[in-house]
Amino acid sequence: VPDRPYPFLAPPMLHDTGTGTWLSQMPAIMMYLGRRFDRLTEPDQTLRLVCDCSDILLEVTRGHGAQLWDGPTWQAFLAERLPLWMALHEEMAMRAGITVGEGLFFGAEDPGVADLTLAALWGTMVETLPPVAPLLMETAPRIISTALSSLGSSTCTTWKRRVSAGSFSMCFLYSAQVVAATVRS
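This section reports on the structure supplied with the text. (Residues numbered from 1 in each chain as written. Predicted model: local features only at pLDDT ≥ 70, side-chain atom pairs only at ≥ 80, totals over all residues. Heavy atoms only, no water.)

### Things to note about the pairing of strand E1 (residues 13-16)
The side chains of a regular strand alternate between both faces of the sheet. The side-chain alternation of E1 yields two buried faces, one formed by Met 13 and His 15 and the other by Leu 14 and Asp 16. Taken together, the 4 bridges between E1 and strand E2 (residues 21-24) define a ladder with antiparallel strand orientation. When the sheet's bridge partners are listed, Leu 14 is paired in E2 with Leu 23. Where E1 hands over to E2, the hairpin turn is made up of 4 residues, of which Gly 20 adopts a positive phi near 80°. (Buried < 20%, exposed > 50% of the residue type's maximum accessible area, 1.4 Å probe, protein only. Helix = DSSP H or I, 4+ residues; strand = E, 2+ residues; numbered from the N terminus. Pairing = 2+ DSSP bridges.)

### Some thoughts on the packing of aromatic side chains
Each aromatic ring pair is described using two quantities: the centre-to-centre distance and the angle formed by the ring planes. Summed over the entire model, instances satisfying the criterion amount to 4 aromatic pairs. Three or more aromatic residues link up through ring pairs in this structure, and these residues are Trp 69, Trp 74 and Phe 77. In this arrangement the basic side chain of Arg 4 is found over the ring face of Phe 8, its NZ or CZ atom lying 5.5 Å from the centre. In this structure, Arg 62 is placed above the aromatic ring of Trp 69, and the distance from its NZ or CZ to the ring centre is 4.6 Å. (Phe/Tyr/Trp six-rings, centres within 6.5 Å; stacked < 30°, edge-to-face > 60°. Lys NZ or Arg CZ within 6 Å of the ring centre and 35° of its normal.)

### Quick notes on the nonpolar core
Membership of the largest hydrophobic core comes to 35 residues, with the highest contact counts inside it found for Leu 82, Met 86, Phe 105, Trp 122 and Met 125. Those elements that provide at least two residues to this core are helix H1 (26-36), helix H2 (43-60), helix H4 (71-95), helix H5 (113-128), helix H6 (132-139) and helix H7 (141-151). It is H4 that provides the largest number of residues to this core, a total of 8 residues. (Core = buried A, V, L, I, M, F, W, Y, C linked by side-chain atoms within 4.5 Å.)

Encoded structure:
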């Protein structure tokens, strides 16, 4: 551990070379970036959604690859647990006043950390796990609408440009042992 620039066990890791800040853990990184780029409203509720996304990723990857999916287990997850997560996020979107095609979390004019985190999670799932798309569209139409609009927003483009600039060193290295939602027949 002493030979590491920052005490951490596993990715993700962020190094903001502009401020000298090092962080690990996805929720801490997201909250830091939100404050740094003025994209953080309702910090407690935002943190809750970021932690939800972290939990969902843990479930989808079966403990970061500790287990592989088999057909029946994956189908049970698609039928029970994943729709519950979707319904929880959809309810939060509805309570935030989001409608299909309009609105962002916490009344923001531009996508904030909550919107961008949900967009990254659900947008990536729809793109990489096609069987999830119809389920998400049926169960959480506000979430998928917000996700797709956030991914194409100028805020998202600006974030991508900023974090790829020289002031950030982002280390998202995954072990060859980590496998996302691999289904064995």
